[in-house]
Amino acid sequence: MSNQSVQTVGTSGDKLKVVLAVVAAIAGVVGFFYLAGQPTLVRASALVVGLLISVGIAYTSATGRDFINFSKEAVRETKKVVWPTRKEATQITLIVFAFVVVMAMFLWGTDKLLEFLLYDLILGWKN
């Protein structure tokens, strides 16, 4: 178990900024649905503007900046991933399929053996 304390939003100003950011995001979504009779461009603009305002407000808080830095770090880490080639992916897939077939046969055989032992030998219920 970790002994690290959980970081929460520090000041009341940061809390207010986070609440305002959430309200702005919700307002954008509500605006998108409220403008149902309008052209799609107007509806999408309401959503995008609400989300951009939300991101802008959130970025001014310490929590928002921490989240942005975390997101950047996550993107940087995903760029370090070495993806398998097509040949490697095909080989791994075939190995997995072969393992599944072998396991299926093993489990079927085990089931039939237990069925024979239990029903035919122990209980005497011949099929």
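Parameters and conventions
- Residues numbered from 1 in each chain as written.
- Predicted model: local features only at pLDDT ≥ 70, side-chain atom pairs only at ≥ 80, totals over all residues.
- Heavy atoms only, no water.
- UniProt positions renumbered as here; feature names shortened; annotations may be inferred.
- Helix = DSSP H or I, 4+ residues; strand = E, 2+ residues; numbered from the N terminus.
- pLDDT = per-residue confidence, 0-100.
- Salt bridge = Lys/Arg side-chain N within 4 Å of Asp/Glu carboxyl O.
- Buried < 20%, exposed > 50% of the residue type's maximum accessible area, 1.4 Å probe, protein only.

Asks: Explain the UniProt feature "transmembrane region" (unreviewed entry) in the protein here, please?
Replies: UniProt feature "transmembrane region" (unreviewed entry): in the numbering of this structure it lies at residues 18-36, 42-62 and 89-109. What you have in residues 42-62 is 90% helix and 0% strand, and the ends, taken at the C-alpha atoms, are 32 Å apart.

Asks: What is the right way to read the confidence of the model for the protein from this model?
Replies: Should pLDDT be low for a region, the predicted coordinates there are not to be read in detail. Looking at the protein as a whole, its pLDDT mean stands at 88, while 91% of the residues score no less than 70. For the protein, helix α3 (residues 62-79) is the element with the lowest average pLDDT, namely 89, and helix α4 (residues 86-122) is the one with the highest, namely 95.

Asks: Explanation requested: the pattern of salt bridges in the structure shown.
Replies: Side-chain pairs of opposite charge can arise whenever the charged atoms involved come near each other. In total, this model carries three salt bridges according to the counting rule given. Measuring nitrogen to oxygen at the nearest pair gives 2.6 Å for the salt bridge that ties Arg 76 to Glu 73. Here Glu 73 and Arg 76 lie together in helix α3, a separation of three residues that amounts to about one turn. For Glu 73, a relative accessible area of 37% corresponds to the partly exposed category. Glu 77 is the salt-bridge partner of Lys 80, the closest N and O atoms lying 3.3 Å from each other. Exposure remark for Glu 77: the relative accessible area of 40% places this residue in the partly exposed category.

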